[in-house]
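So you can see what is in the structure, the chains are spelled out below.
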Amino acid sequence: MIGGLYAITPECADTESLVEQVRQALSGGAHLVQYRNKGGDVGLRHEQASELLALCKQFHVPLIINDDIRLSDLTGADGVHLGKDDGSVREARLILGPDKIIGVSCYNDLQRALDAEAHGANYVAFGSFFPSSTKSDVVTAPLTLLHEAKRVLNIPLVSIGGITADNVTPLIEAGTDAVAVISALFDSEDIVRAASRFAVLFEKSNHHTLH
Ligand SMILES: Cc1ncc(COP(=O)(O)OP(=O)(O)O)c(N)n1
Ligand SMILES: Cc1nc(C(=O)O)sc1CCOP(=O)(O)O
Ligand SMILES: [Mg+2]
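Throughout this description, residue numbers start from 1 for each chain and increase along the sequence as written. Note on labels: chains are lettered from A, ligands numbered from 1, in written order. Side-chain atom pairs in this predicted model are given and counted only at pLDDT of 80 or more, local residue features only at pLDDT of at least 70, and totals for whole chains, interfaces and linings cover all residues.

- As named in an unreviewed UniProt entry, the chain is Thiamine-phosphate synthase, taken from Sulfuricella denitrificans.
- UniProt positions are given in the numbering used here, feature names are shortened, and annotations may be inferred rather than shown by experiment. The UniProt entry for the chain carries the following comment under Sequence similarities (unreviewed entry): "Belongs to the thiamine-phosphate synthase family."
- Regarding the chain, the UniProt comment filed under Pathway (unreviewed entry) reads as follows: "Cofactor biosynthesis; thiamine diphosphate biosynthesis; thiamine phosphate from 4-amino-2-methyl-5-diphosphomethylpyrimidine and 4-methyl-5-(2-phosphoethyl)-thiazole: step 1/1."

1. A short note on the overall build of the chain
Thought 1: Runs of H or I in DSSP of at least four residues are treated as helices and runs of E of at least two as strands, each being numbered from the N terminus. Of regular secondary structure, the chain possesses 9 helices and 8 strands.
Thought 2: Its C-alpha atoms give the chain a radius of gyration of 16 Å, within 12% of the compact-globule value 17 Å for 211 residues.
Thought 3: Reported as C-alpha extents along the three principal axes, the dimensions of the chain are approximately 45 × 40 × 35 Å.
Thought 4: Across the 211 residues of the chain, 46% fall into the buried class.
Thought 5: Here the contact rule is simple: place C-beta atoms from the backbone, and any two residues whose C-beta atoms are within 7 Å are in contact. For the chain, the share of sequence-separated contacts (at least 6 apart) that also reach a separation of at least 24 residues comes to 58%. Radius of gyration here uses only the C-alpha atoms, and the compact-globule reference equals 2.2 Å multiplied by the residue count raised to the power 0.38. The burial criterion counts other C-beta atoms lying within 10 Å of a residue's C-beta, which is placed from the backbone; the residue is buried at 20 or more, exposed at 12 or fewer, and partly exposed between these limits.

2. Topic: the site of ligand 1
Thought 1: For each residue, a C-beta atom is positioned from the backbone; the residue is called near a molecule or strand if that atom sits within 6 Å of it. Around ligand 1, the structure places 15 residues, and the nearest of them are Gly-83, Ser-105, Ala-125, Ile-160 and Ala-180.
Thought 2: Breaking the shell around ligand 1 down by element, the ones donating at least two residues are β1 (4-8), β5 (101-107) and β7 (157-160).
Thought 3: When grouped by side-chain class, the residues that make up the shell around ligand 1 number 6 nonpolar, 6 polar and 3 charged. Under this grouping Gly is polar, as are all residues other than the nonpolar Ala, Val, Leu, Ile, Met, Phe, Trp, Tyr, Cys and Pro and the charged Asp, Glu, Lys and Arg.

3. Details of the site of ligand 2
Thought 1: Taken together, the neighbourhood of ligand 2 is formed by 17 residues, with Gly-127, Ser-132, Thr-134, Ile-182 and Ser-183 sitting nearest.
Thought 2: For the shell around ligand 2, a count of residues per class yields 7 nonpolar, 9 polar and 1 charged.

Written as structure tokens, this is what we have:
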């Protein structure tokens, strides 16, 4: 269920435009969506999360809320993504219950990922693998980390940070289950096509694994 293209929303105060952009990412083949809004007020965040949830339901794709366990709970979204300042897996699990998706940012730290898995996280994210135009104050993660993580973890691995359709193949080959992408999707003039380029690359790799 957690695999392929994981679309993370850009900051966008215009809800109609945001929903349309995400619709295009879903039409192109995104398998998971994260609502990430670091600056909006509570009302806007609630409105946008609710509208995105309705949209994602139409596509049978889970919507994960970044940072905010409470907003995820209030809207009935499918889960939450937690970084180092966003609360614990234990707290999220208590509030959201056993069936929701809890993802944890692990940066370049394998031990953090092992701890997250032990506490019941549903996926872990590593990065940044490439320089990101969205976020500059990031830790860098080497490709070798994915190989190691694949060996010792049993939950899905998500990669993030500057990922494009032109640089994603080594991450897929190293065993990432999903790639989380903002700018290569939402800064594109053709979001459907940008998303489908990722989707095709994942399909190709599944095909190679199966045959
Ligand atoms: C899938 C995924 N991976 C990593 C992050 C980054 O989380 P965090 O470090 O908490 O930073 P912010 O996104 O909150 O700025 C993420 N959001 N999603
Ligand atoms: C939100 C975020 N977290 C990162 C991390 O390394 O933890 S990199 C990042 C930004 C991802 O956006 P883009 O696809 O535009 O690079
Ligand atoms: Mg966060």
